[in-house]
Amino acid sequence: MTRGKYLKCLPLVILAVAGLFIAIGVTRGEVEAVLEKAVNICLECIGIG
Amino acid sequence: MKIRPLVQSLVLLGSNAYLKGFMGGRIYKGPLKGVCVPGLNCYSCPGALFSCPLGSLQAILAGWEYSFSFYVTGLLLGFGAIFGRFICGFLCPFGLIQELLHKIPLFKNKRAIKIPKFFLYIKYVILAVFVVALPVFAKGEFGVGYPAFCKFLCPAGTIEAGLPLLAGSEGLRKAAGALFLWKALLSAAVVVGCVVIYRFFCRVLCPLGAFYSFFNKISLLRIDPDEVRGTFCKMGLNPVLEVNSLECIRCGECKAHAKRRFAGRGSSAEVMANTTEQIIHSA
Ligand code: SF4
Ligand code: SF4
């Protein structure tokens, strides 16, 4: 594969990996973990925790 | 109105549209918070409807439940592969805040101030140490660590969340101590840095910009170097050589500038060849 074609395919490959990662994360319950952190005031963010 | 400021303003307002939060010193607790926006926007900002990708990544890495976040990493990889640092130029609320700060006419000769090149690498160190290594490895007795970037460095947290929440809650004000003082001083320094230097935080400190920079050369959305001419770049780059480089935020201003200035003079390669010829002839 030429360098140009390789560079054109690379973002698509990364996108496919990204989709797979997101699907794995969702099935492992990571969205809930993010939600749980984000719906409570993050003391570290505001500088008191 | 130009398209970029319009998009930036819509993103800033859209991601912080929970106005009730600002009035009552509370934060939004709905299901949208399970989704991360691509740019830096603190999820403890009273107006935030979505989550910050960096905060979420650190929270999961620092927790006891998972050792790796497929979900947030997947989102970041996806955003990077499609946009690269276009996110910085168009979709990051904190990027817009910095641009507005730079418009404050406080110092003269701002353009003359240059950032030493090695400063640009600091953001990569912050990404590796504060966003990944410390949350993963610095864990306590119960296997729980802390989001080190949020805790010690992030000015978005202090400015977007700390100040409005502390202003609205006496309890939080009483709890603020040395750590808050440190973060407030650091944020003040970043604010001054941004008034003086265009997007100081992006260029020197932002680990999210550092992450997206790895995708800048390959992402689906890129600027055609052939449409770029001249030397106009607020990020201190040479657009002809460095558009789409690690530091380019794809603001497109060099392209717009070239359109106005070099209209009808051919492609960038032709303009460069003509300029070189003129220099040789005048020598
Ligand atoms: S470098 Fe960071 S703060 Fe700057 S625009 Fe990009 S994501 Fe936002
Ligand atoms: S090179 Fe062009 S697109 Fe990139 S940051 Fe500079 S002006 Fe913006």
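The coordinates are above.
Residues numbered from 1 in each chain as written. Chains lettered and ligands numbered in written order. Predicted model: local features only at pLDDT ≥ 70, side-chain atom pairs only at ≥ 80, totals over all residues. Heavy atoms only, no water.

Enquirer: Lay out the interface of chain A and chain B in plain terms, naming residues and giving numbers.
Expert: Taken together, the contact between chain A and chain B spans 33 residues of the former and 46 residues of the latter. Where chain A abuts chain B, roughly 3,200 Å² becomes buried across the two surfaces, and 76% of that area is made up of carbon and sulfur atoms. Between the two partners, chain A and chain B, sit zero salt bridges. Between the two partners, chain A and chain B, sit 13 residue pairs in polar contact (both at pLDDT 80 or more). Among the elements of the structure, helix H1 (3-27), helix H2 (30-38) and helix H3 (43-46) of chain A are those that each provide at least two residues to the side of chain A that touches chain B. For the side of chain A that touches chain B, the leading source of residues is H1 of chain A, giving 13 residues. Here the side of chain A that touches chain B is composed, by residue class, of 24 nonpolar, five polar and four charged. (Contact = heavy atoms within 4.5 Å. Buried area = accessible area lost by both parts, 1.4 Å probe. Salt bridge = Lys/Arg side-chain N within 4 Å of Asp/Glu carboxyl O. Polar contact = N/O pair within 3.5 Å; in protein donor to acceptor, adjacent residues only side chain to side chain. Helix = DSSP H or I, 4+ residues; strand = E, 2+ residues; numbered from the N terminus. Nonpolar A, V, L, I, M, F, W, Y, C, P; charged D, E, K, R; others polar.)

Enquirer: Requested: an account of the packing of aromatic side chains, with residues and values cited.
Expert: For the structure on display, the rule yields twelve aromatic pairs over all chains. Judged by centre distance (4.9 Å) and plane angle (75°), the rings of phenylalanine 118 of chain B and phenylalanine 119 of chain B are edge-to-face. Assessed through its relative accessible area of 30%, phenylalanine 119 of chain B is described here as partly exposed. For the pair phenylalanine 211 of chain B and phenylalanine 215 of chain B, a centre-to-centre distance of 5.3 Å together with 50° between the ring planes defines the contact as tilted. According to the relative accessible area criterion, phenylalanine 215 of chain B is buried, its value standing at 7%. One aromatic cluster is present, built from ring pairs that chain together Phe21 of chain A together with Phe68 and Phe70 of chain B. Over the ring of tyrosine 146 of chain B we find lysine 151 of chain B, and its NZ or CZ is 5.1 Å from the ring centre. (Phe/Tyr/Trp six-rings, centres within 6.5 Å; stacked < 30°, edge-to-face > 60°. Buried < 20%, exposed > 50% of the residue type's maximum accessible area, 1.4 Å probe, protein only. Lys NZ or Arg CZ within 6 Å of the ring centre and 35° of its normal.)

Enquirer: Tell me about the site of ligand 1, and please be specific about residues and values.
Expert: Residues and elements named next belong to chain B. Neighbouring ligand 1 are Arg85, Cys88, Cys92, Gly95, Gln98, Arg199, Phe201, Cys202, Cys206, Leu208 and Gly209. Of all the secondary structure elements, the ones that give two or more residues to the shell around ligand 1 are helix H6 (93-102), helix H12 (200-204) and helix H13 (207-213). Along the lines of polarity and charge, the residues of the shell around ligand 1 split into six nonpolar, three polar and two charged. (Near = heavy atom within 4 Å.)

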